[in-house]
Amino acid sequence: GDETSLSISTSGNITIANITPVTGGTLAGANSVVTVTSTDVVGFKLYVRSLTSTDMNNQGAIIPTSGNGAPAALAVNTWGYNTNGTSNYVGMTLSDVLIKSITGPASSGDITTFKYGINVDLANPAGNYATSVIYTAVPQTD
């Protein structure tokens, strides 16, 4: 057959900005678009995980990932993600989590939208909280 190719691209860094925390929490979010393009493969699997920590860090001030193992509302002062666009989130892990398994090539690109959400109140200092997330696409050739 043809030469097999697999590529992955994202919409880049995301920013959840201008949050006004209130007692009881304020929910805010932003999207990251991941596109996987493949040819001459049986399919691919898309995974996500945190790089080195599941916490968002702002010079030592921490917002941990959600403890949700299944999609649910975010507890105050936690963050999470989903791929269904709702206001229910799961927590990020340090281990690869299978997001989707596609059968067949995706020569036009298969798009997955990750929605990241954070629920914060007045307990954390203002600032830029950051973490790193890794998307991995693995080809299926047999």
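Residues numbered from 1 in each chain as written. Predicted model: local features only at pLDDT ≥ 70, side-chain atom pairs only at ≥ 80, totals over all residues. Heavy atoms only, no water.

Draft legend 1. Quick look at the sheet that holds strand E2 (residues 26–39). In spatial order, the strands read E1-E2-E8-E6; together these four strands make up an open sheet with antiparallel pairing. Both outer strands of the open sheet, strand E1 (5–10) and strand E6 (78–82), are each paired with one neighbouring strand and no more. Each strand axis lies, on average, 20° off the axis of its neighbour in the sheet, ignoring direction. As paired strands, E6 and strand E8 (residues 106–120) are joined by five bridges and run antiparallel to one another. For asparagine 82, the partnering residue across the bridge sits in E8 and is lysine 115. (Pairing = 2+ DSSP bridges. Helix = DSSP H or I, 4+ residues; strand = E, 2+ residues; numbered from the N terminus. Axes fitted to C-alpha atoms, helices over the stretch in contact; angles between N-to-C directions.)

Draft legend 2. Molecular detail of the sheet that holds strand E3 (residues 43–50). Read from one edge to the other, the open sheet built from three strands follows the order E7-E3-E9, with strand pairing classed as antiparallel. At either end of the open sheet lies a strand with only one pairing partner, and these are strand E7 (97–103) and strand E9 (133–140). Recorded for the sheet is a direction-independent mean angle of 15° between the axes of neighbouring strands.

Draft legend 3. Highlighting the pattern of salt bridges. Following the criterion strictly, the structure yields two salt bridges and no others. One salt bridge in this structure joins arginine 49 and aspartate 96, with 3.4 Å as the shortest N-O distance. Of this pair, arginine 49 sits in strand E3 while aspartate 96 sits in the loop between E6 and E7, and the two are 47 residues apart along the sequence. With relative accessibility at 22%, the residue arginine 49 sits in the partly exposed group. Salt-bridge contacts for lysine 100 lead to aspartate 110; the nearest nitrogen and oxygen are separated by 2.8 Å. Here the residue lysine 100 occupies a position in strand E7, and aspartate 110 occupies one in strand E8, the gap between them amounting to ten residues. Summarising the burial analysis for this pair, lysine 100 and aspartate 110 share the class buried. (Salt bridge = Lys/Arg side-chain N within 4 Å of Asp/Glu carboxyl O. Buried < 20%, exposed > 50% of the residue type's maximum accessible area, 1.4 Å probe, protein only.)

Draft legend 4. Focus on unusual backbone geometry. Notably, asparagine 18 is not glycine yet its phi reads approximately 55°, a positive angle. Tracing the backbone shows asparagine 18 in the loop between E1 and E2. One non-glycine residue with positive phi stands out, namely glutamine 59, at about 50°. Examined against the element boundaries, glutamine 59 turns out to sit in the loop between strand E4 (56–58) and strand E5 (61–63). Residue classification places glutamine 59 among the exposed positions, given a relative accessible area of 83%.

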